[in-house]
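# A structural walkthrough
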Amino acid sequence: MKILVCISHVPDTTSKINFTDGDSKFDTTGVQFVINPNDEFGLTRAMWFKEKQGASVDVVNVGGPETEPTLRKALAIGADNAIRVNTEAKDGYQVAKEIANVVKDGGYDLVIAGRESIDYNGGMVPGMIAEMIDANFVTNCINLELDGTNAKAVREIDGGKETVSTSLPLVIGGQKGLVEESDLRIPNMRGIMMARKKPLTVVEPIGASVETTTVKFEKPAPKGAVTLVSPDNLDELVNLLHNEAKVI
Amino acid sequence: MSVLVYTESENGTFKKTAFEVASYAKAVATQMGTTVTAFAVNANDVSELGKYGVDKVLKISDDSLKNFNAKSYASAIAQATKNEDAKVVIVSQSADSKYLAPILSVGLEAGYASNVMEAPTSTSPFTVKRTAFTNKAFNLTTIDTDIKIVGVSNNSFGLVEANGSATAEDFSPSLPAKGVTVESVDRVTDKVTIADAEIVVSAGRGMKGPENWGMIEELAEVLGAATACSKPVSDLGWRPHSEHVGQTGKPVASNLYIAIGISGAIQHLAGINASKVKVVINTDPEAPFFKAADYGVVGDAFEVVPQLIEKLKAFKASNA
Ligand SMILES: Cc1cc2nc3c(=O)[nH]c(=O)nc-3n(C[C@H](O)[C@H](O)[C@H](O)COP(=O)(O)OP(=O)(O)OC[C@H]3O[C@@H](n4cnc5c(N)ncnc54)[C@H](O)[C@@H]3O)c2cc1C
Ligand SMILES: Nc1ncnc2c1ncn2[C@@H]1O[C@H](COP(=O)(O)O)[C@@H](O)[C@H]1O
């Protein structure tokens, strides 16, 4: 079985978010980049399939050379091959189209992406890939079992969860639950050494078009100071929530 | 030409978000000088949609669609879009709508903007404001395709009554093979979900242990709120994972978010910042949450929360 894990290269969760070039570009100054948390869960589940059921695991990113350290980290965690589609990621559609092409070329049976990236928050790439390659699709996936070409998955829904059955080829939008956080792997020295020798193939883009264009970014307006209420005067809190904030 | 809106229902009854996306669709239709057509699956009474500006409802009644299926629903909505010659399709950001939107986007060759906060700032070029960087920023984006799909964040636009009436029409699309079959659904039905809630009561490690959640549940009940928790609380197994909110958990965009014994780490705040009014109850005046909150009580949750419950009960009794 051939698994492809989509890796989005995103600012670490503690990053301060700033913009440059007339607020049109994310300011990467001083920002540390990591594997998108949802993708990390997917990658670890892919490693489980590799070790327990026999599979090859490739990782893919659509982005410039600056994303290679993140792909190397995925190799150090245990992926076999990395592919970088050499183009700036501009919107979800373009990324999905480029990855769909990689999937077709590589003949992958299972594509694991994240439910959502923490930078663009599109929640769109995995579903688009699935539709482009005519594969089945389950998102918000918190459990995945494979038996031959049959799959059983659990999807988080509003207010609960749902168990579904489906089959390969399959695309997953994964999240925490796919594996537990305590099972996430931190690359060790041996993994890092081995990753240096593993193939990281740079492929040229097919030149997919975009459907949306970022005009500019804005930061939320600075917050006013908090109104403190004494713990001995909670009537005042109820009053403020009712009359001032009008939320109760 | 019209604006098409997918109005979700559960067991035949429209969800509140259905009225919110209908209100949003009406605003877009007004900007574009056109009408609103709603798409509804197995809904009992569609006349309610008129109140929020819907002119016409395409009604599907089909037992095979009882369980949500992203592929079938996306295909049916695509057929409705073509039938109506709709140029804009509006969906909510429920788990189901987020599931179907990217599929629909490819099917219709329509650009999709998710997490949209406001009515379009312009309809030509079609420009919307969406959240990005997990609520740490906004992204003003144009959708450049002929047909546009807008995913409206829950609780961002609100309900706007329009006093109209809607005509209903039966609609029978041809449905593709499902590909994904629902085996079982495990849904808590007697509790407000975080996605739908107008008020969320959330608690953190300051609660010391799972045995102390009774007062959190009670406060939520008095307010008709959903309960949520910080990440360590779900990691420790004090509360189910489904309650974990924040950057790596569920996003919260409620009208009121009450944080009890939560420090306000950047990853927590990122996921809940879209909430309109934030209240923090914490013993530590230096807790970062006080910088993000609108109202704060520096105090011990074990004293403040039971008192607050009593005050709110009294408030409810006098306002009933
Ligand atoms: C990659 C990554 C992703 C993360 N994602 C998330 C996420 O999605 N969501 C999330 O929540 N966290 C997330 N975190 C964790 C986050 O950094 C914090 O560790 C976490 O939010 C802290 O939870 P807490 O506020 O409940 O606990 P603590 O930080 O331990 O805070 C407890 C608070 O309770 C107060 N307190 C103590 N006793 C009382 C009392 N009797 N009455 C009132 N107050 C009291 C204390 O003053 C303190 O402020 C993430 C971390 C990382 C590294
Ligand atoms: N540039 C990219 N390269 C590779 N995978 C990506 C890229 N952008 C998004 N993805 C994948 O798609 C998922 C959802 O991203 P998004 O649609 O941006 O929310 C991510 O978790 C990744 O798995």
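A brief structural summary. (Residues numbered from 1 in each chain as written. Chains lettered and ligands numbered in written order. Predicted model: local features only at pLDDT ≥ 70, side-chain atom pairs only at ≥ 80, totals over all residues. Heavy atoms only, no water.)

### Brief notes about the environment of Val192(B)
All names here are of chain B. This is how the line gets drawn: The helix count covers DSSP runs of H or I at least four residues long, the strand count covers runs of E at least two residues long, and both are numbered beginning at the N terminus. Residues count as neighbours in contact if any of their non-hydrogen atoms are within 4.5 Å of one another.
Note on placement: valine 192 falls in the loop between β13 (181-187) and β14 (199-203). When the C-alpha positions of valine 192 and serine 230 are compared, they lie 18 Å apart, and in sequence the two are 38 residues distant. Discounting residues that sit within four places of it in the chain, valine 192 has contacts with Ala197, Gly224, Ala225 and Ala226.

### Examining the site of ligand 1
All names here are of chain B. Operational definition: Here, proximity means that at least one heavy atom of the residue falls within 4 Å of the molecule or strand. Polar contact criterion, stated in full: a pair of N or O atoms within 3.5 Å, where within protein one must be able to donate a hydrogen and the other to accept it, and residues adjacent in sequence count only if both atoms are side-chain atoms. Under the scheme applied here, ten amino acids are nonpolar (Ala, Val, Leu, Ile, Met, Phe, Trp, Tyr, Cys and Pro), four are charged (Asp, Glu, Lys and Arg), and all others, including Gly, are polar.
Surveying the vicinity of ligand 1 reveals 27 residues, the closest of which are Ser230, Thr248, Ser263, Gln267 and His268. Here an oxygen atom of ligand 1 and a backbone polar atom of glycine 261 are 3.1 Å apart. One of the side-chain nitrogen or oxygen atoms of aspartate 300 is found 2.9 Å away from a nitrogen atom of ligand 1. Residues of the shell around ligand 1, tallied by class, amount to six nonpolar, 16 polar and five charged.

### Quick word on the layout of surface pockets
Residues and elements named next belong to chain A. Note the following rule: Throughout, the protein atoms alone are placed on a 1 Å grid, and a set of points is a cavity if a 1.4 Å probe fits but cannot get out or a pocket if it is open with protein on both sides within 12 Å along at least five of seven lines; lining residues have an atom within 4 Å of a point. Grid points are joined across faces, edges and corners, and a volume is the space filled by probe spheres set on the points.
What the second largest pocket holds in volume is close to 1,200 Å³. Taken together, 44 residues line the second largest pocket, and the ones lying closest to its centre are His9, Ala89, Lys90, Asp119 and Tyr120. Elements with a minimum of two residues in the lining of the second largest pocket: β2 (9-11), β4 (25-26), β6 (56-62), α3 (92-106), β8 (110-114), α4 (125-133) and β14 (212-218). By residue number, the principal contributor to the lining of the second largest pocket is β14, which donates four residues. Tallied by class, residues from the lining of the second largest pocket come to 18 nonpolar, 17 polar and nine charged.

### Some words on the site of ligand 2
Residue and element names in this part refer to chain A. Stated formally: Just a note on the criterion: a molecule sits in a pocket or cavity if more than half of its atoms are within 2 Å of the grid points.
Inspection of the region around ligand 2 gives 21 residues, with Asp39, Val62, Gly114, Ser117 and Gly123 positioned closest. Take glycine 114: an N or O atom from its main chain is 2.9 Å from an oxygen atom of ligand 2. Glycine 122 is positioned such that a nitrogen or oxygen atom in its backbone is 3.1 Å from an oxygen atom of ligand 2. Judged by its atoms lying within 2 Å of the grid points, ligand 2 is housed in the second largest pocket. Of all the elements in the fold, those that place two or more residues in the shell around ligand 2 are β6, α3, β8 and α4. Element by element, the count of residues in the shell around ligand 2 is highest for β6, at three residues. Across the shell around ligand 2, the residue classes tally to eleven nonpolar, eight polar and two charged.

### A word on the sheet that holds strand β15 (residues 226-229) of chain B
Stated formally: Here, strands pair whenever DSSP counts at least two bridges between them. Convention adopted: a line fitted to C-alpha atoms gives each axis, helices being fitted over their contacting stretch, and angles between N-to-C directions are expressed from 0 to 180 degrees.
Taken in spatial order, the six strands line up as β15(A)-β18(B)-β17(B)-β16(B)-β14(B)-β15(B) in an open sheet, and their pairing is parallel. For this open sheet the edge positions go to β15 (227-228) of chain A together with β15 of chain B, each flanked by a neighbour on one side alone. Taken together, the five bridges between strand β16 (residues 256-260) of chain B and strand β17 (residues 277-282) of chain B define a ladder with parallel strand orientation. Directly across from Ala259(B), in β17(B), lies its bridge partner Val280(B). The sheet contacts of helix α6 (residues 234-244) of chain A involve β15 of chain A together with β16, β17 and β18 (295-298) of chain B, and relative to β18(B) the element is tilted by about 170°. Where helix α8 (residues 301-319) of chain B meets the sheet, it contacts β16, β17 and β18 of chain B, and its direction lies at approximately 130° from that of β17(B).

### Some thoughts on the interface of chain A and chain B
How big an interface is tends to be reported as the loss of accessible area on association of its parts. Note the following rule: A quick way to say it: buried area is the sum, across both parts, of accessible area lost when two parts are put together, with a 1.4 Å probe. Definition used for salt bridges: Asp or Glu carboxyl oxygen within 4 Å of a side-chain nitrogen of Lys or Arg.
Listed as interface residues are 71 residues of chain A and, on the opposing side, 83 residues of chain B. Roughly 6,700 Å² of surface becomes buried between chain A and chain B when both sides are summed, with 57% attributable to carbon and sulfur atoms. Counting every contact that joins chain A to chain B gives nine salt bridges. Along the contact surface separating chain A from chain B lie 43 residue pairs in polar contact (both at pLDDT 80 or more). Elements represented by at least two residues in the side of chain A that touches chain B include exactly α4, β9 (136-147), β10 (150-157), β11 (160-167), β14, β15 and α6 of chain A. Taken together, the residues of the side of chain A that touches chain B sort by class into 29 nonpolar, 21 polar and 21 charged. Both β11(A) and β13(B) contribute to a ladder of six bridges, which runs antiparallel. Bridged to Thr163(A) within β13(B) is Ser184(B).

### Considering the sheet that holds β10(A)
With mixed pairing, ten strands are arranged side by side in an open sheet as β13(A)-β7(A)-β6(A)-β1(A)-β8(A)-β12(A)-β9(A)-β10(A)-β11(A)-β13(B). Here the strands that pair on one side only, and so sit at the sheet edges, are β13 (200-203) of chain A together with β13 of chain B. Each strand axis lies, on average, 30° off the axis of its neighbour in the sheet, ignoring direction. With five bridges joining them, β8(A) and strand β12 (residues 170-174) of chain A adopt parallel strand pairing. Bridging across to β12(A), Ile112(A) finds its partner in Ile172(A). In the packing of helix α2 (residues 68-77) of chain A onto the sheet, contacts are made with β6, β7 (81-85) and β13 of chain A, and the angle to β7(A) comes to roughly 160°.

### Points about unusual backbone geometry
A cis amide bond links Leu168(A) to the next residue, Pro169(A), at an omega of -10°. Tracing the sequence through the fold places Pro169(A) in the loop between β11 and β12. Of the consecutive residues Ser124(B) and Pro125(B), the connecting peptide bond is found in the cis state with omega at -5°. Note on placement: Pro125(B) falls in the loop between β8 (122-123) and β9 (126-132). The phi dihedral of Asn42(B) is positive, around 50°, even though this residue is not glycine. Among the structural elements, Asn42(B) can be located in the loop between β4 (35-41) and β5 (56-60).

### As for the pairing of β4(B)
Residue and element names in this part refer to chain B. Applicable threshold: For the exposure calls, accessible area comes from a 1.4 Å probe over protein chains only, and a residue counts as buried if that area is under 20% of its type's maximum, exposed if over 50%, partly exposed in between.
In terms of burial, β4 is a largely internal element, six of the seven residues being buried. Direction of pairing for strand β1 (residues 2-6) relative to β4: parallel, over a ladder of five bridges. The partner of serine 2 across the bridge, within β4, is threonine 35. With five bridges joining them, β4 and β5 adopt parallel strand pairing. Within the sheet, the bridge partner assigned to valine 41 lies in β5 and is isoleucine 60.

### Comments concerning the side chain of Arg45(A)
Summarising the element assignment, Arg45(A) is placed in helix α1 (residues 37-54). If we skip the residues at most four places from it in the chain, Arg45(A) touches Leu144(A), Glu145(A), Leu178(A) and Val179(A).

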